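Reading the structure
Each chain is listed here by its residues.
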Amino acid sequence: MRQLRWLLGSFTGIGAMALLAWSPAREILHLPKNPRTSQLEPYPFIYPAAFGNRFTIPDNNPLTKQGVYLGRLLFYETRLSSTNKISCGSCHQQHRAFTDGLPFSTGVSGRPTRRNSMSLANLLWVRNFFWDGRARSLEDQALIPLSHPDEMGQPAVVAARKLQQMALYPPLFKQVFGSDIITPERMIRAIAQFERTLISANSPYDAYLRGQYVLSEAESRGLKLFTTAPAMERQVRGGNCAHCHGGPKLYQEVFHNNGLDRIPKDPGRREITGMEQDQGRFRVPTLRNITLTAPYMHDGRFASLEEVLDHYSDHIQASSTLSPELMPTDVSRNQMTPQEKQDLIAFLHLFTDQGFITNPAFSDPHLTHLSTQKSSLPPQKSQSSPRTP
Amino acid sequence: MTFLLAFPLFSLRAQPALAVTGEVAKPLTLAAEAIRGLPHSEITAKDRDGKEHRYKGVPLVDILRLAGVSLGGDLRGENLAKYVLVKASDGYEVLFALPEIDPDFTVRTILLADAADGAPLPQGVGPYRLIVPDEKKPARWIRQVAAIEVRFAK
């Protein structure tokens, strides 16, 4: 599969557009020429070159258009839950950049989950999933909410059995995996394929990076604060947000204690590594679509971006694992004035990607079937089970 | 589900240790005592604060030698396409080419420091930090070093 990864890796920007019309990919990919895979088409990624090609696609799960479509059906499939009422899409709603607007989510048990539902964007590049980074791949990740008693509450093997009984799925699994036997492994591979397509790269900020958007004065001041490391000894003011949330993807793959509590109730990454230095450390999330993903932090404690900035400016709690950049005693740091906070928030609004949250390719395909009963890809059985939107 | 299996393994060693893996003859996991027992050197270098500090630690090249990395006379031919990825416990990563570390190529000593100005490195920085002298930016002075991977560029 090295060729495939190389090939996918080289599809950036316009190159990817050209590829859409490119047919002999299969031969170059050396996909087996037997009937079960010969109709599969590679899924072409489109993203800015600056995102880089450090993907996390397992060799045994290359993306195909058909696999992505199956994964999309499964992402919105409520039968994956014990009550047949919750799908991945319940807590990861497209119009909220795949979050649910709640501090904690409720699944089949009605009990709140332990942490805030994470936004799903640009997961193709993410290397450690969940707030504590416990899963090393999207494939590993998907199994956990499926079987968690407070999320979807059903072992994947039970979900697989339910899907096997439906008319919709066995032919699609046959097409994608060469067998109509539905297994947890195949389910999560398909879901992971769909999730890797959730690329958000067309916000006003991206347009600004391409030279196609002119910042307002407030946005321009916000950008400066966002990217500047403060050095009060030289009268340099800054928020230094980019230190952790920088780069075109607006995150770094790091886990930090951002000073929410002196003694954290939730040990965060320490629970996974057992290391004291990971106490209260959580994933640095992407700021993509940040205006849509309130409430904020791993426990959803902040309802607004104003509260978030107040925290970073004025309320950092020192502890032995606090990120060194955030030390409240650091004389180089400055608190933000109300005007500076407003400027930063104006800038953060540039990360909202309307195309991402309205892209029909990411929406619930079951709803489409009900309303239009047509789909070009792949062929559908007409007796797909009734669904409540 | 590999994380479920990995969890108890991680829990067993709650003390920071340094793993050296990849294109090495002998993969290592160096506990704190082992690193303390290695010969230490001292260098003076300027940190982000612009001030000179005295750092004490083990030359990075010595750690790589312990793991049997191709250095010295062996650092030629295809071995020149190897690189060293240094990883911090928070996930930060920085990269070096082997000739940046090997004294046959360079006069500068990159140090895996465990002390600064006579004191152990503080929380959030230590137990180990790379000191890379004579660089204009200290971005590769990676804190809380947890792992070193030697790899071939593909």
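Notes on the structure follow. (Residues numbered from 1 in each chain as written. Chains lettered and ligands numbered in written order. Predicted model: local features only at pLDDT ≥ 70, side-chain atom pairs only at ≥ 80, totals over all residues. Heavy atoms only, no water.)

Omega for the bond connecting Ala-294 of chain A with Pro-295 of chain A falls within 30 degrees of zero, at -5°, which places this linkage in the cis form. Structurally, the position occupied by Pro-295 of chain A is in the loop between strand 2 (282-283) and helix 15 (305-314). Between Gly-126 of chain B and Pro-127 of chain B the backbone carries a cis peptide bond, its omega angle lying at 10°. Residue position: Pro-127 of chain B is located in the loop between strand 8 (119-120) and strand 9 (129-131). (Helix = DSSP H or I, 4+ residues; strand = E, 2+ residues; numbered from the N terminus.)

Another aspect to go through is the state of the cysteines. Residue and element names in this part refer to chain A. Enumeration according to the criterion identifies 0 disulfides over all chains in this entry. The closest cysteine sulfur to the non-disulfide-bonded Cys-88 is located on Cys-91, 9.1 Å from its own sulfur. For Cys-91, a relative accessible area of 18% corresponds to the buried category. (Disulfide = S-S within 2.5 Å. Buried < 20%, exposed > 50% of the residue type's maximum accessible area, 1.4 Å probe, protein only.)

Quick look at helix 16 (residues 338-348) of chain A now. Among the residues making up helix 16 of chain A, those that are buried are Glu-340, Lys-341, Asp-343, Leu-344, Ile-345, Phe-347 and Leu-348 of chain A. The inward-facing, buried residues of helix 16 of chain A contact helix 11 (204-209), helix 12 (217-227) and helix 15 of chain A. (Contact = heavy atoms within 4.5 Å.)

With that settled, the discussion passes to the nonpolar core. Judged by nonpolar contacts, the single largest core of 56 residues is most densely connected at Leu-70, Leu-74, Leu-80, Tyr-169 and Met-187 of chain A. Looking at this core, the elements that each hand over two or more residues are helix 5 (65-75), helix 7 (138-147), helix 8 (156-164), helix 9 (169-177), helix 10 (184-196) and helix 17 (354-358) of chain A. Residues within four places of Leu-74 of chain A in sequence aside, it is in contact with Leu-80, Leu-163, Tyr-169, Phe-173, Met-187, Ala-190 and Ile-191 of chain A. Within the second largest apolar cluster, 42 residues are counted, among which are Val-20, Ala-88, Ile-110 and Leu-130 of chain B. (Core = buried A, V, L, I, M, F, W, Y, C linked by side-chain atoms within 4.5 Å.)

What follows deals with the interface of chain A and chain B. Facing the 21 residues of chain A at the interface are 22 residues of chain B. Between chain A and chain B, the buried area comes to about 1,800 Å², and carbon and sulfur atoms account for 46% of it. A salt bridge links Glu-325 of chain A to Arg-143 of chain B; the nearest nitrogen and oxygen atoms lie 2.7 Å apart. Summed over the shared surface of chain A and chain B, the number is 7 residue pairs in polar contact (both at pLDDT 80 or more). Among the elements of the structure, helix 7, strand 1 (255-256) and helix 14 (270-273) of chain A are those that each provide at least two residues to the side of chain A that touches chain B. Of the residues that constitute the side of chain A that touches chain B, the class distribution is 7 nonpolar, 5 polar and 9 charged. (Buried area = accessible area lost by both parts, 1.4 Å probe. Salt bridge = Lys/Arg side-chain N within 4 Å of Asp/Glu carboxyl O. Polar contact = N/O pair within 3.5 Å; in protein donor to acceptor, adjacent residues only side chain to side chain. Nonpolar A, V, L, I, M, F, W, Y, C, P; charged D, E, K, R; others polar.)

Another point: the pattern of salt bridges. Residue and element names in this part refer to chain A. Applying the stated rule across the entire model yields 33 salt bridges over all chains. Between Arg-189 and Glu-185 there is a salt bridge, with its nearest N and O atoms 3.0 Å apart. With a gap of 4 residues between them, Arg-189 and Glu-185 both fall in helix 10, about one helical turn apart. Between Asp-343 and Arg-221 there is a salt bridge, with the nearest N and O atoms lying 2.7 Å from each other. Here Asp-343 is found in helix 16, whereas its partner Arg-221 is found in helix 12, with 122 residues between them in sequence. On the basis of relative accessibility, which here comes to 38%, the residue Arg-221 falls in the partly exposed class. One salt-bridge network, in which partners are shared between bridges, spans Arg-114, Arg-115, Asp-132, Arg-134, Asp-266 and Glu-271.

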